[in-house]
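So the chains spell out like this:
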Amino acid sequence: MSSAYPMASVPPPLPPGWTEHVGPAGQIYFHNVLTQESTYVRPLPALPVASSKKEKPKIKTPIPGTDWLRVETNEGNVFYTNKTQKKSVWIVPDEIQEAVELLEKQEGENRARADQEAQERSLKDAEAEREREIERVRSEVQEAVKRKAEEDLPLDEIIVSKKPRVEDQEEDEDEDEDESEEEEWQKEAAAQLAKEAEEEKKRQEEEAAQEEEARKAKENAPRVPVPDRVDLSIEEGKALFTTLLREKDINPLHPWDTALPLFISDPRYVLLPSVTARREAFDEYCRERARELRASRVKKEKEDPKEEFEQLLSVEVKSTRVSWTDFRRQWKKDRRFYGWGRDDREREKRFREFLKELGEKKRALAQKAEADFFSLLREGGIAQEGAIWKEVKKAISNDPRYDAVGSSSLREELFNTFLKAQTKRSSPDQTQAPAADATPSDLVDEAQSHKDRKAQAVREREEKVRADRQRLQADIEKSRVGLNKEEGELQFRSLLTDAIREPQATWESSLEQLRTDPRFQHSVLPPSHQHHLFQAHVNQLRAKHLDNLHGLFLSNAPSLATEFTALPVASLLASLPVTKLGFDVFNLEQEYGRWQRSRTSDARQAFDEMLHENSFVDFWGRLGKIGGRGRGGNVDMKKLAKSVDITEMTKVLKGDMRYIMFDHVPEQRERWLRSDVARLRGIVINSLYSHRDVFLRELISNANDALEKLRLTSLTNKEVWDGVSSLNITIKAVKGENGSNGRLIITDNGIGMTPDELTKNLGTLAKSGTSEFLAQAETGAETTNSGNLIGAFGLGFYSSFLVADQVYVASVPAKTRENPDPAQYVFSSSSEDNDFATYPDPRGKTLERGTEITLVLKPDALEYLDDLTIIELVNKHSVFSSSFPVYLFQQREEEVTEEAPTAETATGDEDGAENDEDEAVIEEVEEEKETVKKTVVVDDWTHLNAQPPLWTRDSKNITSIEYSLFYQATWRDFTAQPIAWNHFSGDLGSGVSFRALLYIPGKLPEGFWQSAQATSTKDVRLLVKRTFITSDLGDDYLPKWASWVKAIIDADELPLNVSRETLQNTSFLRQIKQAILKRIIQAFTRIAEDDPDKFDEVQKVYGSVLKLGSVEDAKNRDKLILLTRFATNQRNSSSLDDYVSNKKAGQKQIFYVSDVGKSVSSLSKSVFVEKLQARGYEVFLLTDPLDEIVFQNLKKWKGIPFQDAAKAGLQFGDEDLDAEEEKAKQAETKKKFEPLLTWLKEQAGGIVRDVVISDRLVSSPCAIVADASGFTANVQRLMSASNHRPDASNPTFEFAKRQKVLELNPRSPLIEGLLRRVEQLPGEEEERDLEAEDELKEVASILIDGALVRSGFEVPDSDEFLLRVDRVLRRSLGVSETAPTDTTVKPAPPVDPEVLDESDYEPKPDFIVNQPPEEDDGKPRVIIPDHLKDKIQIDMEEIGDDEYPIHDEL
């Protein structure tokens, strides 16, 4: 057995009852003697199982005042169940928590009282025992005294059974009685034990007798004689032994050891001479018997598939509405479904026939049920004319014939039909009267018409059946033709396989041979189809031999450079494929050429696939390991930038067979490799960057690094920079002619690059000069610090190709001792070129030092030439990333004033020069010269990052004005000043330090409350080394209550991907999230403690936000709830701690009342707080929708539960202090108003659950409060207003709505008057006053509806309520209740279906506005309104030069 398992792993022990065996085929199997089960899988020992004792209820305790039960199980567990709601919970429900606490308190008191009683009882028992002992000692002493008198014994020899003497005490009168009862109990117990012992003895004797009888019967049983020797052949012995096994019905799966006890006692066991022969016969029997059982099972499955299909239909199809599609979809994988029928058509046909049969059966049953129902109505005798169905239904509903008609509406219809038949039968004269008026000709015509209609209906049915039959026959014929075609194709292909084996065979040459075969003669295929199959067969044979020939080519020509002449042509011509194909040398050479061309094409395709797979695999492999492309990782990416080179990638390809295949053309292969550079660049561009806007950020970051490297290098090498000249970055947009071929130039005067550095850093993918500079600084080659160096990947330059087709990089390195006059070189590359070029700049030396990048923009990227777009990109990504100024070249037009040119020429200027110096100089007053305005274009460099990063400065040196200005400039929020800000820095413990500036805006963003589910955070900006990374931190990054915050987070280092667009690790985001929430709460807390007046203003903006946070943010709930404020009846604003500090003595509840939409002053007058306010209790007045949700989530505050004043369960806390007189007075009041409570409960049964005397009302006559498990009016309104409106048919919702209690104020005169009226109603034995009852019911209805309205609920029927109020008003005003109202109105015009123009349906203005003319040509005109045009006439007169009118009529 050990060979089945390796020695290295010891198999686990077998469970009890299992044994290991080896089968006839040598395979190990396992058998269980107890369960007679065998398996090839080794069973594992069972794991220890806990006790299977079922947990059952042990003690059920009702919760007083509720429908709940507390159940203790036999395991000691406790749970709570409600039979009414059919609900069980393991924890105490909130609605019965107070009742449970009260019950536990009572139980504790009962247990303490029981313990005290038990202790007292034990003391009494001890005292009684002591008295009995005293009495016993006294009796012994008396006996001793008697014996002394009789025997004259000395008193010292008297022994009192080792008990101390006690003084005499009084005898207990109950001792004798207790002793007699104890003796009787002991006697009864002894008798019972004796009886049980006797019964046990009898049972043992009977069992012994039965065992003895069984032993004797076994001894007397006839024994089968076992012969000593039987002379049989081996075959005969095997046959008899097999017969024995069959008679015993030995299981073929049981091993020999298990089956042996079943037949070893049979004489036929010894018919075989040895145990080996018996084992062989046993194994042979097991194999044969297993095959028989398997065959019988298969035969049983195939016995009658149609019967199984019929059974499936009868069991599963119960309705005639079941469709074949649904039935097939559900059962198509069941053997009963697919086991019968040639195809789905046959099964569908039978399915539809079954549906018809089922419909006929149901129709027959329905007709029988209707006939039985008519018989039932006829037998009952109660279905007479004028009978009512409801009364008849009660009388016959218990009869089975009533239930046979399944629909209640059908029963009522049959009942009405029966009544109509009864009516016609009772009045035959009336039914026959119309027929008597008809003439004989009319009767004949009617009969003929009926006959014609009947014949027409029969013809239509016949036509429909005939059409269905023809359609079915066509489908069957089509199916038969398709089947015959498939069978014909199979037969013809088998004929071709047997007859045609030569690839050179033709149809004409093979036709005679094929005609001799019966499969050809009886083929159903047309000749064209046969010819097509023949050609396909011959092509298949030819392709087979060509494949063999190509295999020979491959074995003799492993290289693509092998010529045909190098092949063993003679050997190939003698090969079987060439012989079969009939090729000569010429054909063979042509086939070889075709094969080589196809092979070369496949190899080239494989080479391209290799490039796509492996040429970048080194880079992407390392990138994936360290967390590139958005995945997590912890390896420094600077190591990747230093080690990845495209030359290293080509080394990977040289070991690939697809690369080796082109060793004969190395130059061409190298060209193919170089041509892949453009594709690699495309991978970099399209894979790393998802937004093309980032190109400017990357280039500015590179320029910043160049300037920073110059500054750091100058610390040790003063020749590179004098430390005085300015360092800056400039951006210039040059628009091409006609708006095309625009260029964007980014220039810096930084460290610059030599020609070798241009080729190395820009011509090699993933080569980072910054990374190498940092590596030198880290290894000590440079003694400088890292400064504000951003780049580390060596891929930022390639982002230029996102927007540019061509890139030129001109660069001049800094001066050094070795190179005092460096030359200017240009690096040129294109997004489509396969190579790059580095050459001297033909323009000469245009730069003193630094780098100039010129981007020739793509046609779809010309938008980046716009100054506003550039400013927006810099402000978004790089306004803080560079510590050096960034300038943008702009041109603007300005108007300047110049002197107008004059035509006069100067005369005598030369003469004046020769005048005598002594000549007097006469100053002449110059006349003012004419000036003209001229528009000129002014060049200007705009400083884009003039604003320094405020968060990098010390907060002590920043003023409030600076904080506010930075807030407005960064987030463009000029509507309100920020309420507060928090300037902080820290280290999250993961080695990432950061600085942050957080603002609390002066108002919430628009739409904050309209989008309840949206939690997008767009105003938290994440920066790395002052470079903007992202503001999209995810939809659910911050909770809803904090999504309005505006913050800047600037980290020194983050695990970014190569594009710097996404974080590789979200642990930093989780940590910074907690820091933001913590700082928000600290800011609010500081305002609340330091400036309460300002905090009141904060509450107006963020009061509801803080409440929302205390609901949705469980982690910070305890901190946020301290910042919430609520109105009370005593204060405008109060916290929960303020309320607790103001609670009354003994108060055990925090009272509140809520009503959304009401004002605080209106809610303070609520009927529910009358007594609370009158007694001086403070009550929270909740008017905000979130207020009640906050309280429901908290449930308690500092252990004190919240209590809705509009719900039952209101307790003031001093009820136990009421005097007995007060309690008796309350009981008397309840008894006094019992008639009114009973009567009102009947009237309001459908609205409230109960009517009670109120202890909360002061002036109001009544109010309706919600039960502990019911809905208040505010909750009902909130649920109705929410999107998830509860279903009115929901029983839970309906139950909660009905859980209302009507409370009456016994001190109200209205209630007292209503009580008197109810008491005056006549009793049951007196005559009823219906008018008085109706009037009183109307008063009660108005009272109940008024209580509903006063308590905030809706009345069930507002129209009926207003009608009742109208009647009461009429009676109070002396107006007749039945006085009608004049309802005459003007009728509508006649119907006019004509549709007018759309303008005719627009409303006309009440006044007319004079519209100005559409076009003003400057000429004078008179504007007349349309409604005055017909009333005004204007006469025009011509006026001459002398200003007199010209009259033509003269």
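Everything numeric in this text was worked out from a predicted model, so none of it was measured. (Residues numbered from 1 in each chain as written. Predicted model: local features only at pLDDT ≥ 70, side-chain atom pairs only at ≥ 80, totals over all residues. Heavy atoms only, no water.)

Q: Got a minute to help me understand the overall build of the protein in this structure?
A: A count of helical and extended segments in the protein gives 46 helices and 30 strands. Relative to its 1450 residues, the protein shows a buried fraction of 35%. Across the protein, every contact between residues at least 6 apart in sequence was considered, and the portion connecting residues at least 24 apart equals 67%. A total accessible area of about 92400 Å² is found for the protein, and carbon and sulfur atoms account for 50% of it. (Helix = DSSP H or I, 4+ residues; strand = E, 2+ residues; numbered from the N terminus. Buried < 20%, exposed > 50% of the residue type's maximum accessible area, 1.4 Å probe, protein only. Contact = heavy atoms within 4.5 Å. Areas by Shrake-Rupley, 256 points an atom, 1.4 Å probe, with all protein chains shown as cover.)

Q: Would you mind showing me how to read a nonpolar patch on the surface here?
A: Together, V1395, L1396 and Y1401 make up a nonpolar patch on the protein surface, roughly 350 Å² of accessible area in all. Within the fold, Y1401 resides in the loop between helix 46 (1358-1373) and strand 29 (1438-1439). For Y1401, a relative accessible area of 52% puts it in the exposed group. (Patch = residues over 30% accessible without salt bridge, like charges linked within 9 Å, V, L, I, M, F, W, Y side chains within 5 Å. Salt bridge = Lys/Arg side-chain N within 4 Å of Asp/Glu carboxyl O.)

Q: For this particular structure, what's the right way to read the packing of aromatic side chains?
A: What the rule picks out here adds up to 41 aromatic pairs. Both rings, one in Y967 and one in Y999, keep their centres 5.1 Å apart while their planes meet at 45°; by these two values the pair is tilted. With a gap of 32 residues between them, Y967 in helix 32 (residues 960-971) and Y999 in strand 17 (residues 993-1000) connect regions that are remote in the sequence. Comparing Y967 with Y999, the two get one shared label, buried. In this arrangement the basic side chain of R278 is found over the ring face of Y269, its NZ or CZ atom lying 4.4 Å from the centre. One residue, R347, lies across the ring of F337, its end atom 5.1 Å from the ring centre. (Phe/Tyr/Trp six-rings, centres within 6.5 Å; stacked < 30°, edge-to-face > 60°. Lys NZ or Arg CZ within 6 Å of the ring centre and 35° of its normal.)

Q: How should I be thinking about unusual backbone geometry in this particular structure?
A: Glycine aside, negative phi is the norm for most residues, and most peptide bonds take the trans geometry. Although it is not a glycine, D249 adopts a positive phi angle of roughly 55°. Note that D249 resides in the loop between helix 3 (234-248) and helix 4 (256-263). On the accessibility criterion, D249 (53% relative accessible area) is exposed. At K1195, a residue that is not glycine, the phi angle is positive and equals roughly 65°.

Q: Before we go on, may I ask you to explain the sheet that holds strand 23 (residues 1180-1182) in this structure?
A: The strands making up a sheet associate through hydrogen bonds between their backbones, and the pairing can be parallel or antiparallel. Taken in spatial order, the five strands of this open sheet run 21-23-22-25-24, and their pairing is mixed. Of all the strands in the sheet, just strand 21 (1127-1128) and strand 24 (1196-1197) have a single pairing partner and so form its edges. Taken together, the two bridges between strand 24 and strand 25 (residues 1200-1204) define a ladder with antiparallel strand orientation. Its bridge partner lying in strand 25, W1197 is registered against I1200. Running at roughly 125° to strand 23, helix 39 (residues 1185-1194) makes contact with strand 22 (1150-1154), strand 23, strand 24 and strand 25 of the sheet. (Pairing = 2+ DSSP bridges. Axes fitted to C-alpha atoms, helices over the stretch in contact; angles between N-to-C directions.)

Q: Got a minute to help me understand a positive patch on the surface in this structure?
A: Where like charges cluster on the molecular surface, the positive patch consists of R287, R291, R294 and R297. Relative to the helices and strands, R294 is located in helix 5 (residues 275-301). (Lys, Arg positive; Asp, Glu negative; His and termini not counted. Charge placed at Lys NZ, Arg CZ, Asp CG, Glu CD.)

Q: Just to check I follow, could you spell out the confidence of the model for the protein for this structure?
A: For the protein, mean pLDDT is 76; residues scoring 70 or higher make up 76% of the total. Predicted confidence for residues 904-923 stays below pLDDT 50, and this span has zero contacts to residues more than four positions away or in other chains. (pLDDT = per-residue confidence, 0-100.)

Q: Could you clarify how one ought to interpret the side chain of T1272 in this entry?
A: Mapped onto the elements, T1272 comes out in the loop between strand 27 (1262-1266) and helix 42 (1273-1281). In contact with T1272, not counting residues within four places along its chain, are E1188, D1204, A1206, K1207, A1266 and F1353.

Q: When you look at the sheet that holds strand 18 (residues 1020-1024) in this model, what are you seeing that I'm missing?
A: Read across the open sheet, the five strands follow the order 16-17-20-18-19; overall the sheet is mixed. Both outer strands of the open sheet, strand 16 (980-987) and strand 19 (1027-1030), are each paired with one neighbouring strand and no more. Within this sheet the neighbouring strands show an average axis-to-axis angle of 20°, counted without direction.

Q: It is not clear to me how the pairing of strand 27 should be interpreted in this structure. Could you clarify?
A: Where burial is concerned, most of strand 27 is hidden: five out of the five residues are buried. Burial of strand 27 is two-sided: the residues C1262, I1264 and A1266 facing one way and the residues A1263 and V1265 facing the other way are all buried.

Q: Looking at this structure, I do not really get helix 17 (residues 527-556). What am I missing?
A: Counted at 1.5 Å a residue, the expected span for helix 17 with its 30 residues is 44 Å, and the 44 Å between its end C-alpha atoms agrees. Along helix 17, the residues that are buried comprise H529, Q530, L533, F534, H537, V538, L541, H545, L546, L549 and F553. (Expected span 1.5 Å × (residues − 1).)

Q: Even after reading the chapter, I still don't get the pairing of strand 13 (residues 850-857), so can you show me in this structure?
A: Regular strands place their side chains on alternate faces of the sheet. Counted residue by residue, strand 13 has seven buried out of eight residues, so it is predominantly covered. Where strand 10 (residues 804-812) and strand 13 come together, eight bridges link them in antiparallel fashion. Across the sheet, residue A804 finds its bridge partner in strand 13, namely L857.

Q: How should I be thinking about the pattern of salt bridges in this particular structure?
A: A side chain of one charge can pair with a side chain of the opposite charge when the charged atoms of the two come close. Using the criterion set out here, one finds 54 salt bridges in the structure. Between K1100 and E1097 there is a salt bridge, with the nearest N and O atoms lying 3.5 Å from each other. On the criterion of helical spacing, the pair formed by K1100 and E1097 is a turn pair, its members being three residues apart in helix 34 (residues 1092-1112). Close ionic contact of E1360 with R1364 constitutes a salt bridge, the shortest N to O distance being 3.9 Å. Pair noted here: E1360 and R1364 are both in helix 46, with a separation of four residues, about one helical turn. Judged by relative accessible area, which is 12%, R1364 ranks as buried. Each of R246, D249, E288, R289 and E292 takes part in a single network of salt bridges with overlapping partners.

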